[in-house]
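# Observations on chain architecture
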Amino acid sequence: MSVNKVILLGNVGKDPEVRYLENGTAVANFSLATTENFKNKNGERVSNTEWHNIVAWRGLAEVAEKYVKKGSLLFIEGKITSRSWDDKEGNKRYTTEVVANNFQMLDKKSSNNSEENNKEEGSVSTADNDINKKEESDDLPF
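Residues numbered from 1 in each chain as written. Predicted model: local features only at pLDDT ≥ 70, side-chain atom pairs only at ≥ 80, totals over all residues. Heavy atoms only, no water.

Before going further, it helps to examine the overall build of the protein. Along the backbone of the protein there are 3 helices and 7 strands. Reading the protein from its N end, one meets helices and strands in the order β-β-β-β-α-β-β-α-β-α. Within the protein, the proportion of its 142 residues that are buried is 31%. Of all intrachain contacts in the protein linking residues separated by at least 6 positions in sequence, the fraction that spans at least 24 positions is 54%. Carbon and sulfur atoms provide 44% of the accessible area of the protein, an area that totals close to 9800 Å². (Helix = DSSP H or I, 4+ residues; strand = E, 2+ residues; numbered from the N terminus. Buried < 20%, exposed > 50% of the residue type's maximum accessible area, 1.4 Å probe, protein only. Contact = heavy atoms within 4.5 Å. Areas by Shrake-Rupley, 256 points an atom, 1.4 Å probe, with all protein chains shown as cover.)

Applying the stated criterion to the full structure yields 5 salt bridges. For the salt bridge of lysine 14 with glutamate 17, the shortest nitrogen-to-oxygen distance reads 3.1 Å. Owing to a relative accessible area of 47%, glutamate 17 belongs among the partly exposed residues under this scheme. (Salt bridge = Lys/Arg side-chain N within 4 Å of Asp/Glu carboxyl O.)

On to the nonpolar core. Counting residues in each nonpolar core, the largest one holds 20 residues, and the members touching the most others are Phe30, Leu32, Ile54, Val68, Leu74, Ile76 and Phe103. When residues of this core are traced back to their parent elements, those giving at least two are strand E1 (6–12), strand E3 (26–39), strand E4 (45–57), helix H1 (58–67), strand E5 (73–86) and strand E6 (92–105). Contacts of phenylalanine 30, omitting those with residues within four sequence positions, involve Val12, Lys14, Pro16, His52, Asn53, Ile54, Ala64, Leu74 and Ile76. (Core = buried A, V, L, I, M, F, W, Y, C linked by side-chain atoms within 4.5 Å.)

Here it is as structure tokens:
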């Protein structure tokens, strides 16, 4: 038995790049920064930031396209994946990514446009395969 589960809480580094495959499937890519603050043995405050490449598919990618922006605070659950490819010069390239299973937007609501912000805040999961049906409903799950 094995487990591949990642939980991240951090800020989005750039607006998601969303593309649609030939079959209409949406895929979003963006970076997420997680920062660890601590004091070293000399008592000095040290800040260490890690950057994570995030991939979201289908309905989750569509939500990211609409609502996730640079600086957004996200709680993400997913799994680590690695892949390789050959670049234009024929060199083997490798990357490690977090494939998001769900995420929750944690940004504080602003006082302006509070009805729209209520729709933006919440949790989204890849289990929500038919996101369009949920958006048409008056009973939003978040």
